[in-house]
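Spelled out, the chains give:
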Amino acid sequence: MQITDILGQMGGLRSVARELGIDEAQAARGAEALLPAILGGFKKQAQAPTVGLEGLGGLLGQLGGAGLADDVLAPQPTDLGRGNDVLGQIFGSKDVSRTVAGNAAAQTGLDAGVLKQMLPMLAMLVAGVMARQGGAAAPQVGGPGGGLGDLLGGLLGGGAAAGRGGGLASMLDLDGDGNPLDDILQMAGKALR
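Anyway, here's the lowdown on the structure attached to this text. Just so we're clear, the structure is a prediction, and the values are computed from it rather than from any experiment.

Structural notes on the overall build of the protein chain
- Looking only at helices and strands, the protein chain has eleven helices and zero strands in total.
- In sequence order, the secondary structure elements of the protein chain are arranged as α-α-α-α-α-α-α-α-α-α-α.
- Here the protein chain holds 193 residues, and the buried ones make up 50% of them.
- Taking all contacts inside the protein chain whose residues are at least 6 apart in sequence as the whole, residues at least 24 apart take part in 72%.
- Within the structure as shown, the protein chain displays about 8300 Å² of accessible surface, and the carbon and sulfur contribution to it stands at 51%.

Considering helix H6 (residues 80-91)
- Across its twelve residues, H6 extends 16 Å between first and last C-alpha, which sits within 8% of the 16 Å expected from 1.5 Å per residue.
- For H6, every residue scored as buried is listed here: Gly83, Val86, Leu87, Ile90 and Phe91. Along the axis of H6, the buried residues cluster in a sector spanning 110°; they form a single face.
- One side-chain oxygen of the residue at the start of H6 lies 3.0 Å from the amide nitrogen of Gly81, identifying that residue as Asp79.
- Positive phi appears at Gly92, one or two residues downstream of H6, with a value of about 85°.

Some points on the nonpolar core
- Formed by 47 residues in total, the largest nonpolar core has its most connected members in Ile38, Phe42, Phe91, Met118 and Leu122.
- The dominant element in this core, judged by the number of residues it contributes, is helix H8 (residues 112-141), at 13 residues.

Comments concerning the packing of helix H3 (residues 24-47) against H6
- At a minimum axis separation of 8 Å, H3 and H6 run at an interaxial angle of 60°. Put simply, H3 runs oblique to H6. Judged by the sense of rotation from one axis to the other, the crossing of H3 with H6 is left-handed. Within the contact between the two elements, H3 uses Ala37, Ile38, Gly41, Phe42 and Gln45 and H6 uses Val86, Gln89, Ile90 and Phe91.
- When its residues are assigned to classes, the contact of H3 with H6 shows six nonpolar, three polar and no charged.

Here's the deal with the pattern of salt bridges
- For the structure shown, the criterion picks out three salt bridges.
- For Arg132, the salt bridge goes to Asp70, with nearest N and O atoms at 2.8 Å. Separated by 62 residues along the polypeptide, Arg132 in helix H8 and Asp70 in helix H5 (residues 67-73) bring together distant segments of the chain.
- Among the residues examined, Arg132 registers a relative accessible area of 33% and is labelled partly exposed.
- The partner of Asp71 in a salt bridge is Arg82, with the nearest N and O atoms 2.0 Å apart. Of this pair, Asp71 sits in helix H5 while Arg82 sits in helix H6; the two residues are eleven residues apart in sequence, bridging distant segments of the chain.
- Here Asp71 falls in the partly exposed class, since its relative accessible area comes to 25%.
- According to the relative accessible area criterion, Arg82 is partly exposed, its value standing at 24%.

Overview of the environment of Pro120
- Residue placement: Pro120 occurs in helix H8.
- Judged by relative accessible area, Pro120 falls into the buried class, the value being 1%.
- In sequence terms Pro120 and Val72 are 48 residues apart; their C-alpha atoms lie 9.8 Å from each other.
- Apart from the residues within four sequence positions on either side, Pro120 is in contact with Leu80, Gly83, Asn84 and Leu87.

What about the side chain of Ser15?
- Note that Ser15 resides in helix H2 (residues 12-20).
- Excluding residues that lie within four positions of it along the chain, Ser15 makes contacts with Val72 and Leu73.

Rules used throughout
- Residues numbered from 1 in each chain as written.
- Predicted model: local features only at pLDDT ≥ 70, side-chain atom pairs only at ≥ 80, totals over all residues.
- Heavy atoms only, no water.
- Helix = DSSP H or I, 4+ residues; strand = E, 2+ residues; numbered from the N terminus.
- Buried < 20%, exposed > 50% of the residue type's maximum accessible area, 1.4 Å probe, protein only.
- Contact = heavy atoms within 4.5 Å.
- Areas by Shrake-Rupley, 256 points an atom, 1.4 Å probe, with all protein chains shown as cover.
- Expected span 1.5 Å × (residues − 1).
- Arc of directions from axis to C-beta.
- Polar contact = N/O pair within 3.5 Å; in protein donor to acceptor, adjacent residues only side chain to side chain.
- Core = buried A, V, L, I, M, F, W, Y, C linked by side-chain atoms within 4.5 Å.
- Axes fitted to C-alpha atoms, helices over the stretch in contact; angles between N-to-C directions.
- Parallel < 35°, antiparallel > 145°, perpendicular 65-115°, else oblique.
- Left-handed = near helix turned anticlockwise from the far one by under 90°.
- Nonpolar A, V, L, I, M, F, W, Y, C, P; charged D, E, K, R; others polar.
- Salt bridge = Lys/Arg side-chain N within 4 Å of Asp/Glu carboxyl O.

The values are spatial; any link to function lies outside them.
Right under this line is the structure:
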């Protein structure tokens with residue numbers, strides 16, 4: 001199942017659209033453009049020798065766990081600071097977030113300002129889904145982080161980063177390694193020079 005489908009079914013896209021004053025179709029287009037970078041950031045964390053899958057599970061818990069998604073789904077305004085904390089962990093820099101939003105705006109035609117506001121909400125939704133699903137699936141797979149690894153692999157392999165005929169994911173993954181984040185970091189670095 002595509003991550004955008006999961007977020008749509010849980011009401012995440014509707015909540016994002018309501019909060020940003022856009023329609024749900026625009027929220028879905030923005031999500032499809034932004035999610036490959038978010039998932040790539042989580043994948044990079046999971047592959048880092050200092051973090052790994054077990055560390056990623058702990059990191060998700062420290063950032064707010066399943067409660068992150070609940071905050072976006074709640075009727076009151078989302079605390080974007082929590083989403084920016086998630087983005088800081090997976091991207092490392094606000095410049096990367098700006099680059100991701102700018103590239104998504106160029107790809108979708110949506111306003112870059114709206115996409116910058118959408119990015120932390122989507123990061124919270126994804127982190128919350130991963131915390132909820134990863135924790136529930138781990139015992140069935142047979143080890144700590146196994147469920148999270150399977151979920152992350154499924155979201156990346158069969159999800160937004162791989163499907164949809166390429167799209168933004170293939171545009172951002174310039175070196176074809178399956179992870180657009182390294183390319184995004186390079187673009188952000190060049191923009192700072």
